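# Inside the fold
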Amino acid sequence: MKTGTKVRIRKDSQFYGQGNKEEIGEVTNQDGTIGGTQAWRVVFPSGYHNCYCKSDLDVITETETKPAGLTEEEVNMAKSITKRIEGMEIILPIGMSYDVAIEALNRMKKHEEQVIAVQEFIPGHPWDAIHAIKLALERMFGEILQKETMGMFGPNPPKMLEVKTGPETSVHCPIGNVHLTTMPSAEISIQATAQGAVLTGEVKRADLGKLLEVVKLARELVVSQSIYKGKALRVTDLKKDVPVMSFVDLTGPKAVFSEVTENSVETSIMTPIKQTGECRRLGIPLKRGILLSGTFGVGKTLLAVNVAKVCQDNGWTYIAIEKAEELEEAVKLARRYAPAVLFCEDIDRAVSGDDRTTKMDDILNVIDGVESKGSELMIILTTNDVNAINRAML
């Protein structure tokens, strides 16, 4: 339809009844699509305006017209004034005086230039969260420029944090003050915390939407592009604010067992990991507890490395810990990166003896408690002396 076409909303349109249904409006410009169909913005004398497809409108006349009192140049200028802010469109309609329009735009400009303090948190392991922010910034802005900071004795150079992504690989992530090319006035800082990473600083209100998009994307990437999910890990210091995460070296020979043991290992451990989708489809629980018993040298630790390989090949996270006392914290970590295998050696050191202790009850609750019900978590424990383990554990 031509600009200036006179139209009325059709009575059979879903929009009939909006504004003044009897008014004759004027097409001002083509404005996107509705359901894949071209749409036009129509302005009515009452001031009501909206977008419509041609099928929603009765065409009164297609004669090109212009409002009385405005020159052709003024009409074209008025039609071209469009302002978009965070997905909302504000249109200055034909007929609005320039003084009113200028005043409105000046108020909007002043509003957009207000400086807003921001503090946004990205949950996860701190190095995972820092890495997710790096990915989000690169996707949104293409490059990340860092700023030096002023200290007591002069400027301090920008900082880069090396984050391990595998046994032999790592990436460098910006930390501290960063400069975003499309937001030159923004003062942004990235810092690690015990529970993730925090992005703080000051930004003009006009740029706030862009920054919040970065935060939203980082929160998605810390899950979908985690540097730890689906990897084989050894975790220590779980009771500290930030546990130490290292990657397991999976090179080494395959464990060889008797046919009976091999079948048990394949059925109880390997098959659920290899056939996760099928187990879910058939309703076979992936949560299970397994005790590997045997004297020194029978291959329990070597089997753990084989399990770690199968986990990494099939999208499971493998987490090995050294102390049974850290099982509670380890289970919480494993649930974050599920489906997961949690491996702990020499459980008899923590649950031996005939008497039930508080520590033993805590471990039992972690393994089979309410919080772990329905989780996709396999806990594998080992012992050199099964007879020393309290019967409650068996």
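Note that the structure is a prediction, hence the values are computed from the model and not measured.

Let's shift gears to the confidence of the model for the protein. Of the residues in the protein, 79% reach a pLDDT of 70 or more, and the chain-wide mean stands at 80. Across the protein, the secondary-structure element scoring lowest on mean pLDDT is strand β6 (residues 82–85), at 43, and the one scoring highest is strand β19 (residues 317–321), at 95. Here residues 62–70 is modelled with pLDDT under 50, and outside its nearest four sequence neighbours on either side it reaches 19 contacts, counting other chains as well. For the stretch residues 77–87, pLDDT sits under 50, and the model shows 23 contacts to residues farther than four places along the chain or on other chains.

Before going further, it helps to spend a moment on the packing of helix α5 (residues 259–274) against helix α7 (residues 300–313). Axis separation between α5 and α7 bottoms out at 9 Å; the angle between their running directions is 25°. In this view, α5 runs roughly parallel relative to α7, as classed from their interaxial angle. Our pair here, α5 against α7, has a crossing hand that is right-handed. In this structure, α5 contributes V265, I269, M270, I273 and K274 to the contact, and α7 contributes L303, N306, V307, V310 and C311.

Counting through the fold element by element, L342 comes out in strand β20 (residues 340–344). Given a relative accessible area of 0%, L342 falls into the buried group. Once the C-alpha coordinates of L342 and A320 are considered, the two residues, 22 residues apart in sequence, prove to be 5.9 Å apart. Excluding residues that lie within four positions of it along the chain, L342 makes contacts with I319, I321, L327, A330, V331, L377, M378, I379 and I380.

One pass over the full model with this rule turns up eight salt bridges. One salt bridge connects E120 with R219, and the closest N-O pair in it is separated by 3.1 Å. Taken together, the residues span a long stretch of sequence, with E120 in strand β8 (residues 115–123) and R219 in helix α4 (residues 205–224) at a distance of 99 residues. Note on R219: relative accessible area 36%, which makes it partly exposed. Put simply, E266 and K274 hold a salt bridge, and the shortest N to O gap is 3.2 Å. Its relative accessible area of 28% is what places E266 among the partly exposed residues.

Strand order across the open sheet formed by six strands is β17-β16-β19-β20-β21-β18, with mixed pairing between neighbours. Two strands close off the open sheet at either side, each with one partner strand: β17 (244–247) and β18 (288–293). Taking the axes of each pair of neighbouring strands and ignoring which way they run, one obtains an average angle of 25° across the sheet. The sheet contact formed by β18 and strand β21 (residues 377–383) spans six bridges and is parallel. Bridge pairing links I290 to I380 in β21.

Inspection of the entire model under this criterion finds three aromatic pairs. Relative to Y337, the ring of Y228 lies with its centre 6.1 Å away and its plane at 70°, an arrangement referred to as edge-to-face. Taken as a pair, Y228 in the loop between α4 and β16 (232–236) and Y337 in the loop between α8 (327–336) and β20 lie far apart in primary sequence, 109 residues in all. Side by side, Y228 and Y337 carry an identical accessibility label, which is buried.

Analysis parameters
- Residues numbered from 1 in each chain as written.
- Predicted model: local features only at pLDDT ≥ 70, side-chain atom pairs only at ≥ 80, totals over all residues.
- Heavy atoms only, no water.
- pLDDT = per-residue confidence, 0-100.
- Helix = DSSP H or I, 4+ residues; strand = E, 2+ residues; numbered from the N terminus.
- Contact = heavy atoms within 4.5 Å.
- Axes fitted to C-alpha atoms, helices over the stretch in contact; angles between N-to-C directions.
- Parallel < 35°, antiparallel > 145°, perpendicular 65-115°, else oblique.
- Left-handed = near helix turned anticlockwise from the far one by under 90°.
- Buried < 20%, exposed > 50% of the residue type's maximum accessible area, 1.4 Å probe, protein only.
- Salt bridge = Lys/Arg side-chain N within 4 Å of Asp/Glu carboxyl O.
- Pairing = 2+ DSSP bridges.
- Phe/Tyr/Trp six-rings, centres within 6.5 Å; stacked < 30°, edge-to-face > 60°.

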